[in-house]
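What the coordinates show
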Amino acid sequence: MLWRPATYGEQAFLHIYESIGRHLSVQHPSDSSLDFLVNERSFQEFARLHATIEVFIRCMRAAVFLQNEIGHLPAPEHGRQLAKRDYVSLRLASDRRFCELIKRTARISFEARAASSPLAKEIKEATAGCYLCGIALTKAGPPHSRSTVEHLWPLSLGGESIEENLIAACQDCNTKRENSITWAWGPVQSTDYRHDPTKNANVQLRISLAMAKLMLEASGESTGRRSTLKEAALRISPLFPNLIIKDGRHRVYFELFDEMRKAG
Ligand SMILES: [Zn+2]
């Protein structure tokens, strides 16, 4: 398990990672190498996470779409119905725990219950700065300072509106993060990064690197201590990487990922 889950959506994602993604191995032919672009370890991790995302999103979206039709069925039958329509493999559909988690995750996403007003107020008041960019948060003002409540695991992907999954973020970061759940979406979005933020229109890439920092911290890679996403976020926020690129040369995503991993 990569990190300690706080929501059903994370449990479903991590269950798929454990039963499918983690076992994926990408062949590295000896006569050609991607070393000039990405080291083997980062590429293996990317492939495993990305395969997990694909399976997770596919069965989640299908289950939400079919909620009115199959949402009332017991979990094993719910899973069988997804398999019958080719949204999940028969092997996954025969995994009872997977069926329970997908059913619960789909319901949370379908119902989309926002945080209660008192809880939202409490979350906004708990921290002074945005967990991603670090800007001081205000009640009113421009989007890049206005306080909002962010779901660390998106509500649309089964992240409940509970204290363990909520954190304060500026409106700008909250909107631009959308449903990014791991750093593995970043390399697909862009392979180019300009260090100067005024020239870097692609905030999604900075958010993806921030997700990488969050996952590495929560998985205890450097500390040996596995934690929830929120515990990790509170320990190391703001999450936007502060990479010093003195030569001004553009970097591809995986070079930045390696530099950020070394920076700790
Ligand atoms: Zn922000």
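Computed from a prediction, not measured in an experiment: that's the story for all the values here.

This paragraph deals with the overall build of the protein chain. Scanning the protein chain for helices and strands turns up twelve helices and two strands. In sequence order, the secondary structure elements of the protein chain are arranged as α-α-α-α-α-α-α-β-β-α-α-α-α-α. Here the protein chain holds 264 residues, and 48% of them are scored as buried. Contacts in the protein chain between residues far apart in sequence, at least 24 positions, make up 67% of those at least 6 positions apart. Total accessible area on the protein chain is roughly 13200 Å²; 53% of this is exposed by carbon and sulfur atoms.

This part covers the coordination of the zinc ion. Ideal coordination angles are 109.5 degrees for a metal with four donors arranged tetrahedrally and 90 or 180 degrees for a metal with six donors arranged octahedrally. Those donors, Cys 130 (SG), Cys 133 (SG), Cys 170 (SG) and Cys 173 (SG), are the protein atoms that reach the zinc ion, and they lie 2.3 to 2.4 Å from it. Considering all four donor atoms around the zinc ion, angles at the metal cover 99 to 116° and the coordination shape is tetrahedral. Written as a sequence motif, the donor arrangement for the zinc ion is C-x2-C-x36-C-x2-C.

Between helix 2 (residues 40-65) and helix 12 (residues 253-263), the least distance of the axes is 11 Å, while the angle of their chain directions is 105°. Judged on the interaxial angle alone, helix 12 and helix 2 are roughly perpendicular. Only Phe 254, Phe 257, Asp 258 and Arg 261 of helix 12 make contact with helix 2, whose side of the interface consists of Arg 41, Ser 42, Glu 45 and Phe 46. Classifying every residue of the contact of helix 2 with helix 12 by side-chain character gives three nonpolar, one polar and four charged.

Our next topic: the pattern of salt bridges. One pass over the full model with this rule turns up 16 salt bridges. A salt bridge links Arg 261 to Glu 45; the shortest N-O distance between them is 3.2 Å. Residue Arg 261 is located in helix 12, and its partner Glu 45 is located in helix 2; the two are separated by 216 residues in the primary sequence. Given a relative accessible area of 22%, Glu 45 falls into the partly exposed group. Between Arg 261 and Glu 221 there is a salt bridge; the shortest N-O distance is 2.9 Å. Remark: Glu 221 occurs in the loop between helix 10 (203-218) and helix 11 (229-236) and Arg 261 occurs in helix 12; sequence separation between them is 40 residues.

This part takes up the nonpolar core. Among the nonpolar cores identified, the biggest contains 68 residues, and Trp 3, Phe 13, Phe 56, Tyr 131, Leu 132 and Trp 183 are the most heavily contacted of them. The dominant element in this core, judged by the number of residues it contributes, is helix 10, at eleven residues. Filtering out sequence-adjacent residues up to four positions away, Phe 56 remains in contact with Gly 9, Ala 12, Phe 13, Ile 16, Thr 105, Trp 153, Leu 157 and Ile 181. If you look at the next biggest cluster of nonpolar residues, it comprises five residues, including Ala 120, Ile 123, Val 149 and Leu 166.

As a general feature of sheets, a regular strand has side chains that alternate between the two faces. Counting buried positions along strand 2 (residues 166-170) gives five out of five residues, so the element sits mostly inside the fold. Taking every second residue as pointing to the same face, both faces of strand 2 are buried, with Leu 166, Ala 168 and Cys 170 on one and Ile 167 and Ala 169 on the other. Judged from the five bridges that link them, strand 1 (residues 147-151) and strand 2 form a sheet pairing that is antiparallel. By the bridge assignment for strand 2, Ser 147 is matched with Cys 170.

The first and last C-alpha atoms of helix 1 (residues 8-19) sit 16 Å apart over twelve residues, in line with the 16 Å expected at 1.5 Å per residue. Every buried residue belonging to helix 1 is among Gly 9, Glu 10, Ala 12, Phe 13, Leu 14, His 15, Ile 16 and Tyr 17, and all of these are buried. Each element contacted by the buried residues of helix 1 is listed here: helix 2, helix 6 (96-111) and helix 11.

At a minimum axis distance of 9 Å, the contact between helix 2 and helix 6 shows a crossing angle of 60°. Regarding the angle of helix 2 to helix 6, the classification is oblique. The handedness of the crossing between helix 2 and helix 6 comes out as right-handed. Only Phe 98, Ile 102, Thr 105, Ala 106, Ser 109 and Phe 110 of helix 6 make contact with helix 2, whose side of the interface consists of Phe 56, Cys 59, Met 60, Ala 63 and Val 64. Looking at the contact of helix 2 with helix 6 residue by residue, the class counts come to nine nonpolar, two polar and no charged.

Parameters and conventions
Residue numbers restart at each chain and count upward from 1, following the sequence in its written direction. Two thresholds apply to this predicted model, a pLDDT of at least 70 for residue-level local features and 80 or more for giving and counting side-chain atom pairs, whereas whole-chain, interface and lining totals are computed over all residues. Values reported for side chains reflect all heavy atoms of the structure, with hydrogen atoms and water molecules removed beforehand. Strands here mean DSSP runs of E at least two residues long; helices mean DSSP runs of H or I at least four residues long; both are numbered from the N terminus. The classification of residues rests on relative accessible area computed with a 1.4 Å probe and restricted to protein chains. Under 20% of the type maximum is buried, over 50% is exposed, and intermediate values are partly exposed. Only heavy atoms enter the contact rule, under which two residues are in contact if any of them lie within 4.5 Å. Values of accessible area rely on a 1.4 Å probe in the Shrake-Rupley scheme; residue burial ignores everything except the protein chains shown. Coordination here is defined by N, O and S atoms within 2.8 Å of the metal (3.2 Å for Na, K and Ca), and since water is not considered, a site can look incomplete. Think of it this way: with four donors and all angles in the 85 to 135 degree range, the site is tetrahedral; with four or six donors, opposite ones beyond 155 degrees and the rest between 65 and 115, it is square planar or octahedral; otherwise it is irregular. Axis lines are fitted to C-alpha atoms, over the contacting stretch for helices. Their N-to-C directions set the angle, which ranges from 0 to 180 degrees. Working definition: roughly parallel below 35 degrees, roughly antiparallel above 145 degrees, roughly perpendicular at 65 to 115 degrees, and oblique for all remaining angles. Any residue that is not Ala, Val, Leu, Ile, Met, Phe, Trp, Tyr, Cys, Pro, Asp, Glu, Lys or Arg is counted as polar, Gly included; the first ten are nonpolar and the last four charged. In what follows, salt bridge is the name for a side-chain nitrogen of Lys or Arg lying within 4 Å of a carboxyl oxygen of Asp or Glu. Buried residues of nine kinds, namely Ala, Val, Leu, Ile, Met, Phe, Trp, Tyr and Cys, make up a nonpolar core once their side-chain atoms join them within 4.5 Å. Whether two strands pair depends on DSSP finding at least two bridges between them. To estimate how far a helix should extend, the number of its residues minus one is multiplied by 1.5 Å. Note: crossing handedness is left-handed where the near helix turns anticlockwise from the far helix by less than a right angle, and right-handed where it turns clockwise.

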